[in-house]
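Single-letter residue listing:
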Amino acid sequence: VCLPVFGKMKVKLATQVLSHSVSAGIETYAAIGAFSDEALGTAVFCSKMNQLFDLFNSSRFNESVAARRPLSHDSNHLQFLDDHAEWLRTATVLERATGKNITKRFKCINGWLQAIQALKMLWADISSDTKFLFTRRLNQDSLENFFGILRQYGGGCDNPVALEFMSAFKKACVNNLLTPSVSTGN
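From a predicted model like this one, the values you see are computed outputs, not experimental measurements.

1. Overview of the overall build of the protein chain
Right, on to step 1. A count of helices and strands for the protein chain gives 7 helices and 2 strands.
Right, on to step 2. For the protein chain, the N- to C-terminal ordering of α and β elements is α-α-α-β-α-α-β-α-α.
Right, on to step 3. The C-alpha radius of gyration of the protein chain comes to 22 Å, more than 25% above the 16 Å expected for a compact globule of 186 residues.
Right, on to step 4. With the C-alpha coordinates aligned to their principal axes, the bounding extent of the protein chain is approximately 65 × 40 × 30 Å.

This is the structure:
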């Protein structure tokens, strides 16, 4: 289920809907007869998406959920990624009224497949020199912060020409180089 986005996407809201809690709730309601058994497909979808969000947001070693732990040589994350990629490749989205297959309209499926492949390729490249990988660090927050700083130095310009971009970039670099480091000692 990929919902149309109006304005900025709030990932936190998506992760709350596509969560283990929602999946468990749907399964419970189906078990007591409040939902039809057709709802179990939605429960599976929510659970699998929750697992993907967890794997792509790992940040600590001592997580109770294995998918939230860092990718490492002895983890089963690569098998998990392969399994979920296969699930996404075979998933179909049907239009409720006509039963028509509309899977290709949902670009997020291809986006997840690309993200899974990219993570596997990254791990293949760095695994010989790296013991583990916290996947939470593989997001665009740093890039967004960088461009936010450039907008500040560029007078809030969202669409600078090359000279304005270079000027803002130089100012940001120089100001960062001249910022004193934070001392932890006396």
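2. Quick notes on the pattern of salt bridges
Charged atoms that come close allow side chains of opposite charge to pair.
Right, on to step 1. All told, the structure shown has 6 salt bridges when counted by the stated rule.
Right, on to step 2. Residue E86 is joined to R89 by a salt bridge in which the shortest nitrogen-to-oxygen separation is 3.5 Å. Here R89 and E86 lie together in helix α4 (residues 77-90), a separation of 3 residues that amounts to about one turn.
Right, on to step 3. A residue is classified by how much of its surface remains accessible, and E86, at 41% relative accessible area, is partly exposed.
Right, on to step 4. In the salt-bridge network here, residues are joined through shared partners; they are D54, R60, E63 and R68.

3. Re the packing of helix α2 (residues 20-31) against helix α3 (residues 39-55)
Right, on to step 1. The interhelical angle for the contact between α2 and α3, taken along N-to-C directions, is 160 degrees, at an axis separation of 8 Å. Judged by the inter-axis angle, α2 sits roughly antiparallel to α3. Considering how the two elements wind past one another, α2 and α3 form a crossing that is left-handed. Counted together, H20, V22, S23, I26, E27 and A30 of α2 and A39, L40, T42, A43, C46, S47 and N50 of α3 form the full contact between these two elements.
Right, on to step 2. Counted by class, the contact of α2 with α3 contains 7 nonpolar, 5 polar and 1 charged residues.

4. Description of the nonpolar core
Right, on to step 1. Judged by nonpolar contacts, the single largest core of 22 residues is most densely connected at L18, M49, L52, L88, W112, I116 and L119.
Right, on to step 2. Listing elements by their share of this core, those giving two or more residues are α3, α4 and α5 (107-126).
Right, on to step 3. Setting aside residues up to four positions removed in sequence, W112 forms contacts with M49, L52, F53, F56 and L88.

5. Regarding the confidence of the model for the protein chain
Right, on to step 1. Averaged over the protein chain, the pLDDT score is 85; the fraction of residues at 70 or greater is 90%.
Right, on to step 2. Within the protein chain, helix α1 (residues 11-17) has the poorest average pLDDT of any element, 75, and α4 the best, 96.
Right, on to step 3. Scored below 50 in pLDDT, residues 1-7 shows 3 contacts in the model against residues more than four places distant or in partner chains.

6. Details of the side chain of D54
Right, on to step 1. By the element assignment, D54 lies in helix α3.
Right, on to step 2. Polar side-chain contacts of D54 include one of 3.4 Å to the side chain of R68.
Right, on to step 3. Sequence-distant contacts of D54, defined by excluding residues within four places in its chain, comprise V65, A67 and R68.

Cut-off values and rules
- Note on numbering: residues in each chain are counted from 1, in written sequence order.
- In keeping with the model being predicted, local features are shown solely for residues with a pLDDT of at least 70 and side-chain atom pairs are shown and tallied solely at 80 or more, while totals for entire chains, interfaces and linings include all residues.
- Side-chain metrics in this entry use all non-hydrogen atoms of the structure; hydrogen atoms and water are not considered.
- Put simply, DSSP H or I for four residues or longer makes a helix, DSSP E for two residues or longer makes a strand, and each gets a number counted from the N terminus.
- Every radius of gyration here is taken over C-alpha atoms, with the globule rule written as 2.2 Å times N^0.38, N being the number of residues.
- Salt bridges, as used here, are contacts in which a Lys or Arg side-chain nitrogen is within 4 Å of a carboxyl oxygen on Asp or Glu.
- A simple rule labels every residue: compare its accessible area, found with a 1.4 Å probe on the protein chains alone, to the largest value its type can have, and call it buried under 20%, exposed over 50%, or partly exposed in between.
- Lines fitted to the C-alpha atoms define the axes, with helices restricted to the stretch that makes contact. Angles between their N-to-C directions range from 0 to 180 degrees.
- Angle categories: roughly parallel below 35 degrees, roughly antiparallel above 145, roughly perpendicular from 65 to 115, and oblique for all the rest.
- In this scheme, a crossing is called left-handed if the near helix is turned counterclockwise away from the far one by less than a right angle; it is called right-handed if the turn is clockwise.
- Contacts between residues were defined by any pair of non-hydrogen atoms, one from each residue, lying within 4.5 Å.
- Charged residues are taken to be Asp, Glu, Lys and Arg, nonpolar residues to be Ala, Val, Leu, Ile, Met, Phe, Trp, Tyr, Cys and Pro, and polar residues to be all remaining types, Gly included.
- By nonpolar core we mean a set of buried residues, namely Ala, Val, Leu, Ile, Met, Phe, Trp, Tyr and Cys, connected to one another through side-chain atoms within 4.5 Å.
- pLDDT expresses how confident the predictor is about each individual residue, on a scale running from 0 to 100.
- Throughout this description, a polar contact denotes any pair of N or O atoms lying within 3.5 Å of each other; where both atoms belong to protein, one of them has to be capable of donating a hydrogen while the other can accept it, and for residues adjacent in sequence the pair is counted only when both atoms sit in side chains.

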